[in-house]
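# Summary of the model geometry
Single-letter residue listing:
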Amino acid sequence: MTTSTQGNASQRKRALPAVLVLEDGRTFRGRAYGAVGVTFGEAVFSTGMTGYQETLTDPSYHRQVVVMTAPHVGNTGVNDEDPESQRIWVAGYVVRDPARVPSNWRSRRTLDEELAQQGVVGISGVDTRALTRHLRERGAMRVGIFSGNALPDEGTMLAEVRQAPEMKGADLSAEVATKEPYVVPAIGEKKFTVAAVDLGIKGMTPHRMAERGIEVHVLPATATADEVYAVNPDGVFFSNGPGDPATADHPVSVMRTVLERGTPLFGICFGNQILGRALGFGTYKLKYGHRGINQPVQDRTTGKVEVTAHNHGFAVDAPLDKVSETPYGRAEVSHVCLNDNVVEGLQLLDRPAFSVQYHPEAAAGPHDAAYLFDRFVSLMEGQRA
């Protein structure tokens, strides 16, 4: 298809009507973007000004319809270097003003083309400011996007949205994780071996460890403790991922074995919630979550404030004002969000284990938290010594 033909096809599609319907009955009308059709998911918003390609390919967004608060999206097109997984995981995509022509030396195709090619239904021309304010006030909720010439009436669309599954109680990590183990080799001299339990891992995470001389064995979400220790790890890592941590009984059981054996442990995002549960804390669903690459977090161990990348709709219910006694020794909240005091990190004081709720791999996002990978290395060095 020539560029001119592609442009004409995009223009014809942009003329197709689209409707976004929230489960509380509010609707937003716009134009088709990406694939034409119907999709359902949980409506959430991301506050990042850039990094849309990493957002789209983050497995943690499985079954979520992402609203971009930045008004202009798609300016740099889509390249083949920045995806965080092998496919787009978002259930739907909502933008206000999509770029008509991308401009970047690495761009290979438009965002509209990429969404259409992967069958991701989106909507453009939406007042995303009003939609975001609505979600902040009412909370994340189920949503449907309907596009094309033959749209159902609003009552039918609303009924279909309310029949879609909710995110609370959803067990999704095994749906996005690798089915077979694979190895990311160390860059340069190999210093350590880490078993990484894939609950929805982003590609940059094992790369950040590989940069530090770590050979990373990425294992399926269903991996047993015996399979974790079959790689003779110096440390164990639990990744980010989608779904409700209250359903993640298997990873919690595996993590408890790791804690009992005293192996250095590091968790990110979903891995932080797994650690919380393993220590005996509860988890809960946030009203609208944290998503974006501009969230302020304080490292309470140093007092330093970091700008961090987030993607989570659940959090750990742990006390901020005291050290807690757990079956594995003392634990404390190591990081906290300065916007709302949500727990953003945990650490054990008597065993080599810690976790954070955000994304220190910086894809996309700031590099303020890259030191956490060095902290993991220090734990493994200390254990070896």
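Residues numbered from 1 in each chain as written. Predicted model: local features only at pLDDT ≥ 70, side-chain atom pairs only at ≥ 80, totals over all residues. Heavy atoms only, no water.

### Digging into helix α5 (residues 154-163)
Test applied: Three labels apply to residues, based on accessible area from a 1.4 Å probe with only protein chains included: buried if under 20% of the type maximum, exposed if over 50%, partly exposed otherwise in between. Strands here are runs of E lasting at least two residues and helices are runs of H or I lasting at least four, both read from the DSSP assignment and numbered beginning at the N terminus. Here the arc refers to the directions that run from the helix axis out to each C-beta atom. The contact rule is simple, with two residues in contact once any of their heavy atoms fall within 4.5 Å. Here a polar contact means two N or O atoms within 3.5 Å. Within protein one must be a hydrogen donor candidate and the other an acceptor candidate, and residues neighboring in sequence count only if both atoms are side-chain atoms.
Every buried residue of α5 is listed here: M157, L158 and V161. The buried residues of α5 all sit within an arc of 100° when viewed along its axis, so they share a single face. Looking at the buried side of α5, the elements it contacts are β1 (17-22), β3 (38-46) and β9 (141-147). Put simply, D153 is the residue that caps the front of α5, since its side-chain oxygen is 3.0 Å from the backbone nitrogen of G155.

### Description of the sheet that holds β1
Rules: Criterion used throughout: strands pair if DSSP finds at least two bridges between them. Lines fitted to C-alpha atoms define the axes, with helix axes restricted to the stretch in contact, and inter-axis angles between N-to-C directions lie between 0 and 180 degrees.
Spatially, β1-β2-β8-β6-β4-β3-β9 is the arrangement adopted by the seven strands of the closed barrel, whose pairing is mixed. Strand-to-strand twist in this sheet, taken as the mean axis angle between neighbours without regard to direction, amounts to 35°. Here β3 runs beside strand β4 (residues 64-68); their pairing, made up of five bridges, is parallel. Within β4, the position partnered with E42 by the bridge is Q64. Sitting on the sheet, α5 is in contact with β1, β2 (27-34), β3 and β9, with an inclination near 135° to β9.

### Here's the deal with the UniProt feature "binding site: L-glutamine" (unreviewed entry) in the protein
The following threshold applies: UniProt positions are given in the numbering used here, feature names are shortened, and annotations may be inferred rather than shown by experiment.
Per the UniProt record, the feature "binding site: L-glutamine" (unreviewed entry) sits at S60, G241, G243, F270, Q273, N311, G313 and F314. The greatest C-alpha distance among the residues just named is 13.4 Å, despite their covering 255 residues of sequence, which places them together in space. Structurally, S60 is set in the loop between α2 (52-56) and β4. The residues contacting S60, other than those within four sequence positions of it, are G200, N240, G241, P242 and N311.

### What to know about the UniProt feature "domain: Carbamoyl-phosphate synthase small subunit N-terminal" (unreviewed entry) in the protein
As recorded in UniProt, the sites labelled "domain: Carbamoyl-phosphate synthase small subunit N-terminal" (unreviewed entry) are residues 16-146. End-to-end, the C-alpha atoms of residues 16-146 are 11 Å apart, and along that stretch the chain is 18% helix and 34% strand.

### Digging into the environment of E84
Its place among the elements puts E84 in the loop between β5 (72-73) and β6 (92-94). We classify E84 as buried; its relative accessible area is 6%. Taking the C-alpha atoms as reference, E84 lies 5.7 Å from E54; in sequence the two are 30 residues apart. Not counting residues within four places of it along the chain, the set of residues in contact with E84 comprises E54, T57, I201, K202, G203, M204 and A363. A polar contact of 3.0 Å, which involves the side chain of E84, links it to the backbone nitrogen of M204.

### Describing the side chain of S46
For S46, the position within the fold is in strand β3. Residue class for S46 comes out buried when judged on its relative accessible area of 3%. Among residues more than four places away in sequence, those in contact with S46 are Y61, V66, V67, M68, T69, R291 and G292.

### Focus: the domain arrangement of the protein
As a reminder, the rule being used: Throughout, the edges of the domains are those of an automatic or database domain assignment. Between Lys or Arg on one side and Asp or Glu on the other, a salt bridge is scored when a side-chain nitrogen of the former is within 4 Å of a carboxyl oxygen of the latter. Asp, Glu, Lys and Arg are counted as charged, while Ala, Val, Leu, Ile, Met, Phe, Trp, Tyr, Cys and Pro are counted as nonpolar; the rest, among them Gly, fall into the polar class.
Here the protein is described as being made up of domain 1 (3-163) and domain 2 (173-384). A C-alpha centroid distance of 30 Å is found between domain 1 and domain 2. On the side of domain 2, 23 residues touch domain 1, which itself brings 23 residues to the contact. Where domain 1 packs against domain 2, one counts one salt bridge. Across the pair E42 and K285 runs a salt bridge, and its minimum N-O distance is 2.6 Å. Our count for the domain 1 to domain 2 interface comes out at 14 residue pairs in polar contact (both at pLDDT 80 or more). Residues that form the side of domain 1 that touches domain 2 fall into these classes: seven nonpolar, nine polar and seven charged.

### Regarding the packing of aromatic side chains
Filter applied, for reference: Stacked, tilted and edge-to-face are the three classes assigned to paired rings of Phe, Tyr and Trp, where Trp is represented by its six-membered ring and a pair needs centres within 6.5 Å; plane angles under 30 degrees give stacked, over 60 edge-to-face, the rest tilted. Placement of a charge over a ring requires the Lys NZ or Arg CZ to be within 6 Å of the ring centre, with the centre-to-atom vector within 35 degrees of the ring normal.
Counting across every chain of the model gives six aromatic pairs. Between F266 and F376, the ring centres sit 5.4 Å apart and the planes meet at 50°, which makes this aromatic pair tilted. Taken together, the residues F266 in strand β14 (residues 265-268) and F376 in helix α11 (residues 371-384) connect sequence positions 110 residues apart. Residue F266 shares its accessibility class with F376, and that shared class is buried. Members of the aromatic cluster, connected to one another through ring pairs, are F237, F266, F354, F373 and F376. One residue, R261, lies across the ring of Y229, its end atom 3.7 Å from the ring centre.

### Structural notes on a positive patch on the surface
The criterion, for reference: Like charges are joined within 9 Å and nonpolar side chains (Val, Leu, Ile, Met, Phe, Trp, Tyr) within 5 Å, but only among residues with over 30% relative accessible area and no salt bridge; these make up the patches. In these tables, accessible area is a Shrake-Rupley quantity obtained with a 1.4 Å probe, and a residue counts as shielded only by the protein chains included in the view. Positive charges are assigned to Lys and Arg, negative charges to Asp and Glu, while His and the chain termini are left out of the count. For the purpose of locating charges, the reference atoms are NZ of Lys, CZ of Arg, CG of Asp and CD of Glu.
A contiguous patch of positive charge, built from R129, R133, R136 and K287, is present on the exposed surface. In terms of residues, the positive patch owes the most to one element, helix α4 (residues 128-138), which gives three residues. The exposure class of K287 is partly exposed, given its relative accessible area of 47%.

### Quick notes on the environment of A210
Topologically, A210 is positioned in helix α7 (residues 204-210). A sequence separation of 20 residues divides A210 from K190, and the C-alpha atoms of the two residues are 8.5 Å apart. Among all residues touching A210, those that are not within four sequence positions of it are V184, P185, A186 and I187.

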